[in-house]
Amino acid sequence: MTTTFSRRAVLSGALAALASGACGGSFAQAAHLPFAQWVQAFRSRARAKGISDTTYNRVMGAIKPDTSVYALDKDQPEFREEVWQYLNRRVSDWRITVGTERAKEAMPLLKRVEHTYGVDPYVMLGLWGMETAYGDLVTNPKHMRPVIPALAALAWGEPRRRSYWEQELLNAMVIVERGWADPKDMIGSWAGAMGHTQWMPEVWLNMGVDFDGDGRISPYGKPDDALAGTAQYLAKRGKYRRGEGWGYEVLMPAGVSSGGGMRSIASWHSRGVRRANGKPFSRPSELGRLWQPVPGGPVFLLTHNFDAVKSYNPANTYALAVCHLGDRIRGEGGFVQAFPGSERPPTLAEVQEIQRRLTALGFNTDGTDGRVGKDTMKAIHDFQIKAGMTPADGYAGLKVLARLRATS
Ligand SMILES: [Ca+2]
């Protein structure tokens, strides 16, 4: 599984800056002061933010900047994915199966979160599954690193988005000052996203909720605070509307094209737009817009709450994966229309077979648990190259499985 870099709206600029700044590996030169001197100079910024010297010394005293973060953005492009590959990989058999289990355990909590913030429990499950595989990633040290050394390295040595990283480092110190977390327990993505739903420090500080009432806000451990705070985020920043849906897969009649702005669902219906599964539209007065991610592929009628989900990560495909994963956990079917050139998603057993066969051939998939992460994608890519398959896209699908069966 790949860590998604949440709050992408904020981070995309930072990544771009990082990418351009990383050319030639000039971060150390770009830093205006040696790290130890910078730490001393930065203390006044922390004081101005109300951070005590005790906390500052505790957080920054013996810290080593995690300069490996500068190179990590080079991993960013990974493999180019088609939209159907992106969706098959995220809304996987594994995520639907595990999500259905998590739904049973977490539903009382999710109902209480819905009661307070209005967000559909299944949208929350989709988001939780997308961000960290329902918290699984949080406990997997392979994907996580101490956040403060990472943020300190970025605040110190990242020239073009320095003020953003400085602010997030200060926010992390405020979290420590408030007694919500110990610095050593603050682990997350290299960019500082933490916990079940990958909060940046700013989100933790401003959107976090002590929903389990233990006196502190935490994105780790019991998912109560993380899910409630994230629902509050969707409600406040995304303007999520209680009781409304995200949209529908639809069939678009001849003469109607995607794009073309917002209309009421009833108006789209009068133009011949129908739900792809043949069921009636549930809320005809909602406004929606048509979106066809890929020419010739499925069409969606998106309503307001789709955009609410996009407040968490502004990519359309991300929001579609969140909403669709939620629907699948709810028990609804896959999309009716196929993406051009697409394969059906592999089953969990098929992914495991791909991993077993690759492992037997000497390609390292780091286990055969049926989940596709970077190691499996790399192994598939290497196998595809060796087998002369094009494109060598690293995608764990039926074509690769067929070739593996023919090979071994
Ligand atoms: Ca709490």
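Everything discussed here concerns the structure shown above.
Residues numbered from 1 in each chain as written. Predicted model: local features only at pLDDT ≥ 70, side-chain atom pairs only at ≥ 80, totals over all residues. Heavy atoms only, no water.

**Considerations on the coordination of the calcium ion**
At this site the calcium ion is bound by Asp210 (OD), Asp212 (OD), Asp214 (OD), Arg216 (O), Asp225 (OD) and Asp225 (OD), with donor distances of 2.3 to 3.0 Å. The site at the calcium ion holds 6 donor atoms, and with the angles between them running 46 to 161°, its shape is irregular. Mapped onto the sequence, the residues coordinating the calcium ion show the spacing D-x1-D-x1-D-x1-R-x8-D. A residue pair is termed long-range when its members are at least 10 positions apart, and aspartate 214 in the loop between helix 11 (201-207) and helix 12 (224-236) and aspartate 225 in helix 12 qualify at 11 residues. Owing to a relative accessible area of 44%, aspartate 214 belongs among the partly exposed residues under this scheme. (Donors = N, O, S within 2.8 Å, 3.2 Å for Na, K, Ca; no water. Tetrahedral: all angles 85-135°; square planar, octahedral: opposite > 155°, others 65-115°. Helix = DSSP H or I, 4+ residues; strand = E, 2+ residues; numbered from the N terminus. Buried < 20%, exposed > 50% of the residue type's maximum accessible area, 1.4 Å probe, protein only.)

**Here we look at the environment of threonine 365**
Within the secondary structure, threonine 365 sits in the loop between helix 16 (348-360) and helix 17 (374-387). Residue threonine 365 is classed as buried on the basis of its relative accessible area, which comes to 3%. Distance from threonine 365 to glutamine 384, taken between C-alpha atoms, is 14 Å for residues 19 residues apart in sequence. The contact partners of threonine 365, leaving out residues within four places of it in the chain, are Gln355, Leu358, Thr359, Asp375, Thr376 and Ala379. A polar atom in the side chain of threonine 365 sits 2.8 Å from the backbone oxygen of glycine 367. (Contact = heavy atoms within 4.5 Å. Polar contact = N/O pair within 3.5 Å; in protein donor to acceptor, adjacent residues only side chain to side chain.)

**Things to note about the environment of tryptophan 38**
Of note, tryptophan 38 is situated in helix 3 (residues 35-48). Taking C-alpha positions, tryptophan 38 is 45 Å from alanine 392, a pair spaced 354 residues apart along the chain. Those residues in contact with tryptophan 38 that sit more than four places away from it in its chain are His32, Leu33, Met60, Ala152, Ala155, Trp156 and Leu169.

**Some thoughts on the pairing of strand 7 (residues 299-303)**
The buried fraction of strand 7 amounts to 5 of the 5 residues, a majority that puts the element mostly inside the structure. Pairing between strand 3 (residues 247-251) and strand 7: 4 bridges, direction antiparallel. Looking at strand 7, one finds that glycine 247 is bridged to leucine 302. For strand 6 (residues 287-291) and strand 7, the ladder comprises 4 bridges, and the chain directions are antiparallel. The residue of strand 7 that forms the bridge with arginine 289 is leucine 302. (Pairing = 2+ DSSP bridges.)

**Looking at the pattern of salt bridges**
For the coordinates displayed, the defined rule picks out 25 salt bridges. For lysine 378, the salt bridge identified is with aspartate 382, shortest N-O distance 2.9 Å. Taken together, the positions of lysine 378 and aspartate 382, both in helix 17 and 4 residues apart, correspond to about one turn of that helix. Judged by its relative accessible area of 26%, aspartate 382 is partly exposed. Salt bridges linked by common partners bring Asp120, Asp327, Arg330 and Glu332 together as one network. (Salt bridge = Lys/Arg side-chain N within 4 Å of Asp/Glu carboxyl O.)

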